[in-house]
Amino acid sequence: DAMVIQNPRYQVTQFGKPVTLSCSQTLNHNVMYWYQQKSSQAPKLLFHYYDKDFNNEADTPDNFQSRRPNTSFCFLDIRSPGLGDAAMYLCATSRDRWLTNEQFFGPGTRLTVL
Amino acid sequence: KQEVTQIPAALSVPEGENLVLNCSFTDSAIYNLQWFRQDPGKGLTSLLLIQSSQREQTSGRLNASLDKSSGRSTLYIAASQPGDSATYLCAVRDNDMRFGAGTRLTVKP
């Protein structure tokens, strides 16, 4: 089945230790998104890629970076995680950036910062 | 700035009951609205997508309606089952995609 895959499902890191979260998709979609969701809160968009074009949300901290080496993969890098970065990180895709397109989500990676 | 509200934050019903979840948004200039289901500690599963030109969408026991002019959408779940227990989120798409905080539904056997 075509899908959005996130690895790992659970990630534990230490305060200040860089961490990378991975997302891959078999849908061949052009757009990939990263969201941060804290407990009992709405998901918040961090950034998205339209093909190789990176689009950062204005209030996304510089501590968060992203890479998309090819259509299938997208990475979220947190350069120096703080306790406040503990959250569920959700990857999503859509076929194109047309605003009518549906978004499909992966299972998420839960990040714990010690 | 678009704001999306879901009330109530939590809802508990007995099995078999029909129920309605509510979503409201402040700016009616949207392209679509999407309803998701989220199980604890899991990602989001898309349930229904309603384009701005549509009034409702149906999938099985689920029916979602959209009233753009009043800034409201409802998700109707018929004959609820314990397996329907989850958090239900709505998201509106304007130039961004904005989520509500969700309604946590518990269906008791």
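This is a predicted model, so every value here is computed, not measured. (Residues numbered from 1 in each chain as written. Chains lettered and ligands numbered in written order. Predicted model: local features only at pLDDT ≥ 70, side-chain atom pairs only at ≥ 80, totals over all residues. Heavy atoms only, no water.)

Q: Looking at this structure, I do not really get the overall build of chain A. What am I missing?
A: A tally of helices and strands in chain A yields zero helices and 11 strands. Listing the helices and strands of chain A from first to last along the sequence gives β-β-β-β-β-β-β-β-β-β-β. Rg of the C-alpha trace for chain A: 13 Å, near the compact-globule value of 13 Å for 114 residues, within the 12% margin. Every one of the 114 residues in chain A was classed for burial, and the buried ones make up 47%. Once local pairs closer than 6 in sequence are excluded, the contacts in chain A between residues at least 24 apart make up 57%. In the form shown here, chain A has an accessible surface area of approximately 5600 Å², with 50% of it arising from carbon and sulfur atoms. A gap of 6 Å separates the mean positions of the 11 positive and 10 negative side-chain charges of chain A. (Helix = DSSP H or I, 4+ residues; strand = E, 2+ residues; numbered from the N terminus. Rg over C-alpha atoms; globule rule 2.2 N^0.38 Å. Buried < 20%, exposed > 50% of the residue type's maximum accessible area, 1.4 Å probe, protein only. Contact = heavy atoms within 4.5 Å. Areas by Shrake-Rupley, 256 points an atom, 1.4 Å probe, with all protein chains shown as cover. Lys, Arg positive; Asp, Glu negative; His and termini not counted. Charge placed at Lys NZ, Arg CZ, Asp CG, Glu CD.)

Q: Just checking my understanding: could you explain the overall build of chain B for this structure?
A: The secondary structure content of chain B amounts to zero helices and 11 strands. When the helices and strands of chain B are listed from N to C terminus, the series reads β-β-β-β-β-β-β-β-β-β-β. In terms of C-alpha radius of gyration, chain B reaches 13 Å, essentially the compact-globule figure of 13 Å for 109 residues. Taking the principal axes of the C-alpha coordinates as reference, chain B spans close to 40 × 25 × 20 Å. Within chain B, buried positions represent 45% of all 109 residues. Carbon and sulfur atoms make up 46% of the accessible area of chain B, which amounts to about 5100 Å² in all. Here chain B contributes 11 positively and 10 negatively charged side chains, and the mean placements of these two sets differ by 3 Å.

Q: What's the story with the sheet that holds strand S1 (residues 4-7) of chain A in this structure? I'm lost.
A: The strands that make up a sheet pair up through hydrogen bonds in the backbone, lying either parallel or antiparallel. Residue and element names in this part refer to chain A. With respect to topology, four strands assemble into an open sheet ordered S1-S3-S8-S7, the strand pairing being antiparallel. Two strands close off the open sheet at either side, each with one partner strand: S1 and strand S7 (64-67). Direction aside, the axes of adjacent strands within the sheet are offset by 20 degrees on average. (Pairing = 2+ DSSP bridges. Axes fitted to C-alpha atoms, helices over the stretch in contact; angles between N-to-C directions.)

Q: I tried to follow the packing of aromatic side chains on my own but got confused; where do I start?
A: Given two aromatic rings, one states the distance between the centres and the angle between the planes to describe the pair. Counting across every chain of the model gives 10 aromatic pairs over all chains. Aromatic side chains A:Tyr49 and A:Phe54 sit 5.1 Å apart centroid to centroid with 55 degrees between the ring planes, which places their arrangement in the tilted category. Ring geometry for B:Phe36 against B:Phe99: centres 5.6 Å apart, planes inclined by 35 degrees, an arrangement best described as tilted. You can see B:Phe36 sitting in strand S4 (residues 32-38) and its partner B:Phe99 sitting in strand S10 (residues 97-99), a full 63 residues away along the chain. In this structure, B:Phe36 and B:Phe99 share a single accessibility class: buried. Aromatic ring contacts, followed pair by pair, group A:Tyr33, A:Tyr35, A:Phe105, B:Phe36 and B:Phe99 into a single cluster. (Phe/Tyr/Trp six-rings, centres within 6.5 Å; stacked < 30°, edge-to-face > 60°.)

Q: Explain the interface of chain B and chain A to me, please; I cannot follow it from the model alone.
A: Accessible area lost upon the coming together of the parts is a frequently used measure of interface size. Taken together, the contacts link 21 residues of chain B with 23 residues of chain A. Summing both sides of the interface, chain B and chain A together bury roughly 1600 Å²; the carbon and sulfur share of this comes to 52%. On inspection of chain B and its partner chain A, the count reaches zero salt bridges. Here chain B is connected to chain A by five residue pairs in polar contact (both at pLDDT 80 or more). When the residues that make up the side of chain B that touches chain A are grouped by side-chain class, the tally is eight nonpolar, nine polar and four charged. (Buried area = accessible area lost by both parts, 1.4 Å probe. Salt bridge = Lys/Arg side-chain N within 4 Å of Asp/Glu carboxyl O. Polar contact = N/O pair within 3.5 Å; in protein donor to acceptor, adjacent residues only side chain to side chain. Nonpolar A, V, L, I, M, F, W, Y, C, P; charged D, E, K, R; others polar.)

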